[in-house]
Amino acid sequence: MTPETHTLAPAAVADIREIKARYPVAQSALVPALLRVQAEYGWVPPETYDGIAELLGLDTEVVAEVASFYLLVFTAPVGRQVIQLCTNVSCLLAGADAIQAHVEAKLGVKTRQTTADGRFTYIVAECLGACEEAPCMLVGEKRYKRLTREKVDEILDRTDS
Amino acid sequence: MSQTPANPTVTLTIDGHAITVPKGTTVYHAAKQLGIEVPIFCYHDRMPPLGACRMCFVKVEKMPRLQTSCTLEATEGMVVETESPDVVEARQGVLEFLLINHPLDCPICDKGGECPLQDNTFKYGPGASQYVEPKRHFMKAIPLSPVLTLDRERCIMCWRCTRFGEVIAGDHALKGHERGFATHIDIPPITMEGPSKFIGNTIEICPVGALTSSAYRFRSRPWDNLGTPSVCTHCGVGCAIRYDARGGEITRVRSRENAEVNDVWTCDVGFFGYDYVNSQDRLSRPLVRRGDTLVETSWDEALNLVATRLRDAGGDHAGAIGGERLTLEESYLLSRLYRSLGSANLDYRADSLAAPDTRDWGWGTEGTMADLDRAGAIVLIGCDLIEEYPVVWLRAKRALDRGALGFAIAPKRLEIDRYLRHNAVVRYGHEALVLLALSKLVAEARGAEAPVEAAALVDLDAAALASRAGVSIEALRAAARDLIAHPPASFHVGRLALDGPDPRAVLLAANTLRAVCGGGALSILRGRGSAAAAAVAGMVPDALPGLAPTDDAAALGRLRTAWGRDIAAKKGLDTPGMLGAAAAGELSFLLVAGADPAADYPDAEAWRLARAGVGFLVVQDVFLTETAKQADVVLPALTHAEKNGTVGSIEARVQRIGQARPGLDGARADATILQAIATRVGVPLMYGSVHEIFEEMTTVIPGLAEGLAFPLPRRTARVEREAIETILASAPASGGGATLVPVTSLFRLGEMTKRSPGLARLAGRPTATVHPLDAARWGIANGDEVEVAFDGRTARLFARVTDETREGQILVPRSLRLGGRAHDGTVRRLAPAGTWA
Amino acid sequence: MTQSPGTLGPDPTNVLLRHVNVPGQHDIDTYVANGGYAAVHRALKEMNPDEVVAAVDGSQLRGRGGAGFPTGRKWKFINRNAPVKYLVVNADESEPGTFKDRTLLEGDPNLLVEGIILTSYALGVRNAFVYLRGEYYDCHRLLGGAIRQAYERGLLGERILGTDFSLDLVVHPGAGAYIAGEETALLESLEGRRAMPRLKPPYFPAVMGLYNKPTVLNNVETLCCVPWILNHGAEWWMQQGPPQLYSVSGHVQNPGVVEAPLGTTLRDLIDRAGGLRPGRTFKACYPGGSSSRPLVAEHIDVAMNHESLAKLGSMMGSGAVIIMDDTTDMVKVIARVAEFYMEESCGKCTPCREGTRWVVQVLERILHGHGRPSDLDLLTHLSKNMTGTCFCPLGESVPPSLNAGLAHFRNEFEAYIARSNAAVPMPVRIKESVPVAGS
Ligand SMILES: Cc1cc2nc3c(=O)[nH]c(=O)nc-3n(C[C@H](O)[C@H](O)[C@H](O)COP(=O)(O)O)c2cc1C
Ligand code: SF4
Ligand code: FES
């Protein structure tokens, strides 16, 4: 228990301990633990790596290399909502490029950027596994299907405003 | 072709040549045995194959795809081609991929001239690049640490450095971050404590100029370097190294292979600790005391003065301390000089309060370091292996990785804790009690198999001992079971215990434990440079050269033959004895050769009294050390990079150092100095060459031979009743405050290391390690500047708050010189973290 | 029949998809009322593990994750006597165009749980893990609910249904990495490391899998077949086709998961997905995800099974059928597919890490009016250098698209190059800006 551990909320520490217990080897809990910390802050501040490492008996360097590999582990601050817009083939065939242009113009950001007002982080995503609903996107954990410009406007205006 | 189940072999054909290799050999190695060099980048023969770079393709009959020869196991009847047109084309393709983003800045790259990428490109590379796209850009030349510079644009992502951190060092110092084409080598985006101790190795194995030494950058081109094979003498491991010099300046140190010692690795003190040789601070004129000051003088005047005072002192009133910084020949000369004058006041232990009987407890290993390869259990007793003898840790890690179990009994949690099965963080000075409790538990569990004398342990209350030491009896029971189940054990007693309140009790307890375990090597990991071997060469008060008993007639006979005179069969004073005699006005001459007791002797007061009482103090050294400043005469010496001869490691392995640059003008080798003194006192020591001295040593010291570890004597393993009494009486009762525990760090500001800029920065700020509960009690936070008060003294340090230590124990630098007593201390905050400039 | 959200209730024309539109099917009571967990009761009470393995082996079930390896054979590789073995379910579904596992998990999560229990029983597994794609948030909730209920009913946990068989099941979230679908990368990821494929040998999952223990890895759909096979027998299963899920998307009127007998023709699949849009003609299709070599009009009557597709130099893959009609810009599609692999390359091996990006750079240049006539030869050259040289199949998924594109739609590339105009600036790709960190 180094002092850095204390930067993790007690509830997160408890949850991570519980997650760790699910696995025969503690390191397996690393990605779930990162996601748990992310639930706290919206992203995973590098200052928490030491604490996570300590809880799981790992080197901090290992936490860092793993965190940087996975796209859904955000290692930099994000907006209040994360938009993942699929532009992969099936969505492209359904006009995702037009939707993409529309979202980028509307929010004034490119992929992996956050809007100036901090509302949205926008990510050009790979196939979201919902090609029958193309074009589609995730806003936070909610999936929206058969997007049109109007639908996008409505969804984004409604979300977190 | 002989094929037995014990040693199965396979025969395959490579480029038309048949070769038989042991089963399990890869095609890459089979080809190598035929002299066929298949190009590689990611593969390194000390790590398991990865198969990532795709450079080592070969074509194998009946296999649809080209195969990576580094990963492919040779099988019976395999037919391999290493240079078929499709193989060459595939290699060309891989090189083309590797080069598209490479900056091709070979003319200004440190690696230019010794770069596998350059060489392979020359051999297989595509003529011109078809790449017209913008290259990938990274920030150039980032200093990742005080000694390591990273140029990511040159990196070809072979993963060697990251795997070194995982597989070899276990410290995970460098990692691949991000992924895909954005993958790059990095350290985490936050400052971390505890820099790697082995990062120099990553520079060595980097196949391009991506990882370079900050100390070496732009200093030389490989072809301008003059290389001299030598041995590192910073710690006591004796790693094989090579000095590179250019125009008389040491430009860098590289590691050499020695399977018995360092394999192919070296630690960062070895890699980066060479600039002291080039330092402007070097002594180049003899100094003589005139009142309060030291003034320059001629060699003649200085030597005459020294000789006069030594002659006047006569046999029993002259003493000499040193050995770790001398070559074996020099230790031998010093011993011969003194013994010829009738003095056995000789000691190789300049920085130790404890000087137990050398034939029982001499510094060094029992057996060799390579024995670790076969150990079932590795027991570290007050031994912070990675801080003291880092390269031994690499060997220990290899043993742990193959299934040996690690145990630690120490007053702090070791950095390598993760790799250990048992880690008892004991109350300071209580190691012996834990060992005794363990002995009892082991004897109990082994029952009839335990030696009969183990009966002496029957009445002990293991639980009570454990509780006194502050460790859990359940943990000890588990440790005892594991210890029995994993023979043979290898015991290592280290400085945390040996500099503690009762080193003798710890040694006796370790001996008891190994006796009940049915044996196991007992190594005493103490002493830097040539210390252990200096004892063998004769720098020891209680044994003759070769560590023969002082009354050993055969040994005395050999000395008579070699030296042409009779040597008295007597014992002399050890370092504490000499200092005591000096303080009492009974020592009129003290020679300190390559040692710095004024800074290193753990009891500052004892040294002060000794200095005040000694008649005449002579120091041979490279720098004006603390001791030199207090000397009557200072004689400027040469470094190990400037002379020839042999040195010996903690296993007293005799290895040759090499002169890598001309000696500094005005300074002289210690051997030359000693010979000049000897002539002047009338016991001339005439040899035609350094080699001749060594030849003579082999006649007086049977078993001494170049390259071999000298078998160091050790007390017989047995359970002794009186030992148990000593142990039980050992642990100090704790006082009121927090106990101060002196600890050693690999990176510290020594006379040599502080003159190597990278190492000086790695040493960082001196710290006081405080347990979080204590920190909360005293209101201090991590990084605060604090004052540690004890015994009316104070020290300013920087707080490290971690549970590496126990509650109630403050870890402080050894340089506080606490005198081997358990001091109570308190900590007060001076300034919050960050205000320190 | 396409699984379409409009129809509610069991669909007797389907097997695997039969209950995905039944309201409340994710609740264990409804699942049981519809015949759920009957197989578990039967197997645990009446069959020994070998009989379960034999039944699956007899059905000739082939893996539905992409490689199409016979499931029974895979199970038989496992050393039955190993004290610790694991079952890992591959629910990382990330191959572009694939969404059948999600459909099963969202519509009938208990079916997977039942398949896992049966498989674990057959293999003597005590701990099973589902590696679930991070973006499948709804699946996570639904599968979590199904598992909780199974524990409550004594179908998971200690001494299941009073037998000696115990099983714990953990859902492990992925976090955005397509390569984690590759079986050895998945194991690395599940062990808490970067998802980078392992070297085979020695790391064959059946021998040295999760935590270096023998491990069976199966796809979601594969395991969803198991309860059906045990309920009705191998013979019945074969008579059904066997049932195979195809994710049909792109230019069809009714995209969705189609359940059809394995080997249905491409033409038939298009029909079942509502046909092409009025007035449009078929141009090309990915028959087995974006890693498969695209088919063109002349292949419209190919039987969609492993053998026929392999004969065409393509593959069945994950059964993701992406239909493209005559409005499709093939250069754009191929560039987008290449970009996917560039984004998802793990970065371990040279040809994939460097090659995917180079290909994308060239294709982007062509798309943005900076193509050169020599680029087509360059693309052929790159495609060749990436074929047979990568560490795992990911990097080698770019050449099939590229080769088919250059063979069948060369004129489209040439048209772009002919329109090239050096005066038009190349847009800067934000995605390519590499973090300049570490200072
Ligand atoms: C790059 C790559 C990605 C893959 N992704 C998936 C996936 O998302 N889901 C899956 O089930 N199999 C995937 N596979 C196939 C798996 O490696 C493995 O063959 C499969 O999960 C085995 O299950 P099965 O025998 O039931 O098909 C992928 C393979 C590769 C090479
Ligand atoms: S082909 Fe190579 S870089 Fe690409 S995903 Fe596989 S191992 Fe990683
Ligand atoms: S050396 Fe064989 S793949 Fe790198």
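Residues numbered from 1 in each chain as written. Chains lettered and ligands numbered in written order. Predicted model: local features only at pLDDT ≥ 70, side-chain atom pairs only at ≥ 80, totals over all residues. Heavy atoms only, no water.

(A) Quick peek at the overall build of chain A. Each helix and strand counted, chain A has seven helices and five strands in total. The linear arrangement of helices and strands in chain A, starting from the amino end, is α-α-α-α-β-α-α-β-β-β-β-α. Across its three principal axes, chain A shows a C-alpha extent of roughly 50 × 35 × 25 Å. With 161 residues in all, chain A has 61% of them scored as buried. The average position of the 16 basic charges and that of the 22 acidic charges among the side chains of chain A differ by 8 Å. (Helix = DSSP H or I, 4+ residues; strand = E, 2+ residues; numbered from the N terminus. Buried < 20%, exposed > 50% of the residue type's maximum accessible area, 1.4 Å probe, protein only. Lys, Arg positive; Asp, Glu negative; His and termini not counted. Charge placed at Lys NZ, Arg CZ, Asp CG, Glu CD.)

(B) Examining the sheet that holds strand S11 (residues 226–231) of chain B more closely. Residues and elements named next belong to chain B. Reading across from one edge, S11-S12-S13 is the order of the three strands in this open sheet, with antiparallel pairing throughout. If you trace the sheet from one side to the other, it starts and ends with S11 and strand S13 (249–255), each paired once. Each strand of the sheet is rotated relative to its neighbour by a mean of 30 degrees, with strand direction disregarded. In this structure, strand S12 (residues 240–246) lies alongside S13, joined through six bridges in antiparallel fashion. Within S13, the residue paired with Arg 242 across the bridge is Arg 254. (Pairing = 2+ DSSP bridges. Axes fitted to C-alpha atoms, helices over the stretch in contact; angles between N-to-C directions.)

(C) Structural view of the interface of chain C and chain A. On the side of chain A, 43 residues touch chain C, which itself brings 56 residues to the contact. Both sides of the chain C and chain A interface together cover about 3,900 Å² of buried area, and 59% of this is carbon and sulfur. In terms of surface lost to chain A, no three residues of chain C exceed Tyr 137, Arg 194 and Arg 336 of chain C, which account for 17% of the buried area on that side. Applying the counting rule to chain C against chain A returns six salt bridges. (Contact = heavy atoms within 4.5 Å. Buried area = accessible area lost by both parts, 1.4 Å probe. Salt bridge = Lys/Arg side-chain N within 4 Å of Asp/Glu carboxyl O.)

(D) Molecular detail of the packing of helix H14 (residues 375–386) of chain C against helix H16 (residues 410–418) of chain C. Residue and element names in this part refer to chain C. Where H14 meets H16, the closest approach of the two axes is 11 Å, and the angle between their N-to-C directions is 130 degrees. One finds that H14 runs oblique with respect to H16. Only Arg 410, Phe 413, Glu 414 and Ile 417 of H16 make contact with H14, whose side of the interface consists of Asp 375, Leu 376, Asp 377 and Leu 379. Here the residues of the contact of H14 with H16 are counted per class, giving four nonpolar, no polar and four charged. (Parallel < 35°, antiparallel > 145°, perpendicular 65-115°, else oblique. Nonpolar A, V, L, I, M, F, W, Y, C, P; charged D, E, K, R; others polar.)

(E) Spotlight on the sheet that holds strand S5 (residues 243–250) of chain C. Residue and element names in this part refer to chain C. In space, the five strands of this open sheet follow the order S6-S5-S9-S7-S8, with mixed pairing throughout. Two strands in the sheet have a free side with no partner beyond their single neighbour: strand S6 (256–261) and strand S8 (295–296). Two strands pair when backbone bridges link them, and S5 and strand S9 (residues 320–325) are joined in this way by four bridges, in the parallel orientation. Bridging across to S9, Val 248 finds its partner in Val 321.

(F) Focus on the domain arrangement of chain C. All names here are of chain C. Looking at chain C, the domain boundaries give domain 1 (28–238), domain 2 (247–325) and domain 3 (330–418). Computed over C-alpha atoms only, the centres of domain 1 and domain 3 are separated by 35 Å. It is Tyr 178, Ile 179 and Pro 197 that lose the most area in domain 1 upon contact with domain 3, and together they represent 54% of the buried surface on that side. At the boundary of domain 1 with domain 3, the tally comes to two residue pairs in polar contact (both at pLDDT 80 or more). By residue class, the composition of the side of domain 1 that touches domain 3 is eight nonpolar, one polar and two charged. (Domains from an automatic or database assignment. Polar contact = N/O pair within 3.5 Å; in protein donor to acceptor, adjacent residues only side chain to side chain.)

(G) Examining the side chain of Arg 446 of chain B more closely. Residues and elements named next belong to chain B. In this fold, Arg 446 is placed in helix H12 (residues 431–446). By relative accessible area, which is 18% here, Arg 446 ends up buried. Apart from the residues lying within four places of it in its own chain, the contact partners of Arg 446 are Ile 484, Val 516, Cys 517 and Gly 518.

(H) Highlighting the packing of aromatic side chains. In this structure the tally under the stated criterion is 22 aromatic pairs over all chains. Measuring from centroid to centroid gives 5.9 Å for Tyr 23 of chain A and Phe 129 of chain C, while their planes differ by 5 degrees, and the two rings are stacked. You can see Tyr 23 of chain A sitting in the loop between helix H1 (10–21) and helix H2 (30–41) and its partner Phe 129 of chain C sitting in strand S2 (residues 127–132), one on each of two chains. Among the residues examined, Tyr 23 of chain A registers a relative accessible area of 6% and is labelled buried. Its relative accessible area of 1% is what places Phe 129 of chain C among the buried residues. Centroid distance Trp 228 of chain C to Trp 236 of chain C: 6.1 Å. Interplanar angle 15 degrees. Geometry classified as stacked. The pair formed by Trp 228 of chain C and Trp 236 of chain C is uniform in burial state, with each residue classed as buried. Grouped by ring-pair contacts, the aromatic residues Tyr 23 of chain A together with Tyr 86, Phe 129 and Tyr 211 of chain C constitute a single cluster. The aromatic ring of Phe 69 of chain A is capped on one face by Arg 179 of chain B, whose charged end is 5.4 Å from the ring centroid. Stacked on the ring of Phe 391 of chain C, the Lys or Arg Lys 348 of chain C has its end atom at 4.3 Å from the ring centre. (Phe/Tyr/Trp six-rings, centres within 6.5 Å; stacked < 30°, edge-to-face > 60°. Lys NZ or Arg CZ within 6 Å of the ring centre and 35° of its normal.)

(I) Representation of the interface of chain C and chain B within the structure. Contacts between the two partners involve 43 residues from chain C and, on the opposite side, 41 residues from chain B. Across the interface of chain C and chain B, roughly 3,600 Å² is buried in total on both sides, 55% from carbon and sulfur atoms. In this structure, the connection of chain C to chain B is made through five salt bridges. Our count for the chain C to chain B interface comes out at 23 residue pairs in polar contact (both at pLDDT 80 or more). Breaking the side of chain C that touches chain B down by element, the ones donating at least two residues are helix H12 (330–344), helix H13 (350–367) and H14 of chain C. Counting residues per element, the side of chain C that touches chain B draws most heavily on H13 of chain C, which supplies ten residues. In terms of residue class, the side of chain C that touches chain B is built from 18 nonpolar, twelve polar and 13 charged.

(J) Expanded view of the site of ligand 1. All names here are of chain C. With respect to spatial proximity, 18 residues lie near ligand 1, and among them Gly 65, Lys 74, Asn 218, Asn 219 and Thr 222 are the closest. Ser 94 has a polar backbone atom sitting 3.4 Å from an oxygen atom of ligand 1. Asn 219 is positioned such that a nitrogen or oxygen atom in its side chain is 2.7 Å from an oxygen atom of ligand 1. Starting from 610 Å² of accessible surface for ligand 1 in isolation, the protein chains cover 90%. (Near = heavy atom within 4 Å. Areas by Shrake-Rupley, 256 points an atom, 1.4 Å probe, with all protein chains shown as cover.)

(K) Representation of empty space enclosed by the protein within the structure. Evaluation of the coordinates by the stated rule reveals eleven cavities of 30 Å³ or more. Counted as a void, the largest cavity has a volume near 130 Å³. Lining of the largest cavity is provided by 18 residues; of these, Arg 136, Arg 152, Cys 155 and Met 157 of chain B together with Glu 354 of chain C occupy positions nearest its centre. For the lining of the largest cavity, the secondary structure elements donating two or more residues are helix H2 (85–100) and strand S9 (184–186) of chain B together with H13 of chain C. Of the residues that constitute the lining of the largest cavity, the class distribution is eight nonpolar, five polar and five charged. (1 Å grid on protein atoms, 1.4 Å probe; cavity = no way out; pocket = protein on both sides within 12 Å on 5 of 7 lines; lining within 4 Å. Points joined across faces, edges and corners; volume = space filled by probe spheres on them.)

(L) The arrangement of the nonpolar core in detail. The biggest cluster of nonpolar side chains holds 206 residues, and the ones touching the most others in it are Ile 52 and Tyr 70 of chain A together with Leu 379 of chain C. Excluding anything up to four places from it in sequence, Tyr 70 of chain A contacts Val 31 of chain A, Arg 179 of chain B together with Tyr 131, Ala 175, Gly 176, Ala 177, Ser 189, Arg 193, Arg 194 and Ala 195 of chain C. Ala 443, Val 471, Tyr 687 and Met 697 of chain B belong to the second largest nonpolar core, which has 120 residues in total. (Core = buried A, V, L, I, M, F, W, Y, C linked by side-chain atoms within 4.5 Å.)

(M) Expanded view of the pairing of strand S2 (residues 17–22) of chain B. All names here are of chain B. Across six bridges, strand S1 (residues 9–14) lies against S2 in antiparallel orientation. Residue pairing in the sheet places Ile 14 in a bridge with His 17 of S2. Linking two consecutive strands that pair antiparallel, namely S1 and S2, is a turn of two residues; a positive phi of about 50 degrees is found at Asp 15 within it.

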